[in-house]
Amino acid sequence: MGTMTDTPRGGTPGTPGTPEAPRAIRQEPKQARSRVTRRHLLEAAVSCLAEHGWAGSTVGVVAERAGVSRGAAQHHFPTREVLFTAAVEYVSEERSTALRELFHSAPAPRHAVVEALVDLYTGALFRAALQLWVAASNEEQLRPRVTELEARVGRETHRIAVELLGADESVPGVRETVQGLLDMARGLGLANVLTDDTARRARVVAQWSRIIEDALT
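Since the structure is predicted, the reported quantities are computational estimates derived from the model, not experimental observations.

A. Here's a closer look at the overall build of the protein. Counting its secondary structure elements, the protein contains nine helices and zero strands. Overall, the protein shows an N-to-C arrangement of helices and strands of α-α-α-α-α-α-α-α-α. In the protein, buried positions account for 36% of the 217 residues. Partitioning the contacts of the protein with sequence separation of at least 6, the portion at a separation of at least 24 is 64%. Per element, the accessible surface of the protein, about 13000 Å² overall, is 54% carbon and sulfur.

In structure tokens form, the structure reads like this:
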């Protein structure tokens with residue numbers, strides 16, 4: 001009697017006539033690793049930009065912080081300008097998603113929305129964006145990317161603010177009130193760059209919450 005084997009029908013892998021795993025399945029782990037590497041690079045880029053500014057943030061520094069090689073970083077982002085604009089855009093989108101999810105389950109009090117919007121401008125993301133703006137004022141290659149990015153992020157933030165505040169922009173003055181809130185929030189973020197402005201910011205936010213409530217009610 002011959003010895004039975006556990007070889008499945010169709011032969012052993014790699015032999016003629018053996019069905020191979022679908023290409024999508026074989027590529028999935030590689031694609032997943034690529035997405036993780038890209039995310040680590042983007043997050044590291046924002047941290048570096050916020051901490052060291054444009055001059056101290058190179059592709060090599062970001063790659064080291066992300067734990068990848070410089071070559072791997074340049075595979076995902078061929079130039080420094082591409083890397084840092086993509087990083088700020090990525091984190092902006094993440095923060096926008098988090099902001100929407102924060103108030104997803106039920107309508108929120110407007111003062112809570114005002115506080116959350118102001119918080120967008122007082123963390124590492126705003127510091128990184130600020131460094132990018134300053135660099136763009138002197139870097140011709142960077143300026144068009146940052147200008148377009150800022151316009152896109154600004155429009156999206158305004159849409160989120162209108163949605164969460166329940167603002168009706170068909171009413172005269174409402175659009176300007178919402179934009180004024182965002183301009184105020186950006187100013188508070190700028191004031192917080194050099195010193196901890198928490199106490200004064202809390203009073204300003206409370207007053208703006210009353211203004212928004214009166215204007216939108």
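B. Representation of helix 4 (residues 80-102) within the structure. Compared with an ideal rise of 1.5 Å per residue, which puts 23 residues at 33 Å, helix 4 spans 33 Å between its outermost C-alpha atoms and is within 8% of the ideal. Among the residues of helix 4, Glu81, Leu83, Phe84, Thr85, Ala86, Ala87, Val88, Tyr90, Val91, Ser92, Ser96 and Leu99 are the ones counted as buried.

C. Structural detail: the pattern of salt bridges. The final tally for this structure, using the stated rule, is 12 salt bridges. Between Glu89 and Arg152 there is a salt bridge, with its nearest N and O atoms 2.4 Å apart. With Glu89 in helix 4 and Arg152 in helix 7 (residues 143-165), this pair connects stretches of sequence that are 63 residues apart. Judged by relative accessible area, which is 23%, Glu89 ranks as partly exposed. Residue class for Arg152 comes out partly exposed when judged on its relative accessible area of 28%. Of the charged contacts in the structure, one is a salt bridge between Arg186 and Asp183, with a shortest N-O distance of 3.2 Å. Here the residue Arg186 and the residue Asp183 both occupy positions in helix 8 (residues 174-191), the gap between them amounting to three residues, near one helical turn. Looking at Arg186, the relative accessible area reads 23%, which means it is partly exposed. It is possible to trace a salt-bridge network through shared partners that takes in Arg100, Glu156, Arg159 and Glu163.

D. Empty space enclosed by the protein, seen in detail. One pass over the full model with this rule turns up two cavities of 30 Å³ or more. Here the largest cavity defines a volume of roughly 280 Å³. Forming the boundary of the largest cavity are 18 residues, of which Ser92, Tyr121, Leu125, Val153 and Thr157 lie nearest the centre. Those elements giving two or more residues to the lining of the largest cavity turn out to be helix 4, helix 6 (124-136) and helix 7. Counting residues per element, the lining of the largest cavity draws most heavily on helix 7, at six residues. Approximately 30 Å³ is the volume attributed to the second largest cavity. Of the residues belonging to the lining of the second largest cavity, the class tally is three nonpolar, four polar and one charged.

What counts and what doesn't
Residues numbered from 1 in each chain as written. Predicted model: local features only at pLDDT ≥ 70, side-chain atom pairs only at ≥ 80, totals over all residues. Heavy atoms only, no water. Helix = DSSP H or I, 4+ residues; strand = E, 2+ residues; numbered from the N terminus. Buried < 20%, exposed > 50% of the residue type's maximum accessible area, 1.4 Å probe, protein only. Contact = heavy atoms within 4.5 Å. Areas by Shrake-Rupley, 256 points an atom, 1.4 Å probe, with all protein chains shown as cover. Expected span 1.5 Å × (residues − 1). Salt bridge = Lys/Arg side-chain N within 4 Å of Asp/Glu carboxyl O. 1 Å grid on protein atoms, 1.4 Å probe; cavity = no way out; pocket = protein on both sides within 12 Å on 5 of 7 lines; lining within 4 Å. Points joined across faces, edges and corners; volume = space filled by probe spheres on them. Nonpolar A, V, L, I, M, F, W, Y, C, P; charged D, E, K, R; others polar.

By themselves these figures say nothing about function.
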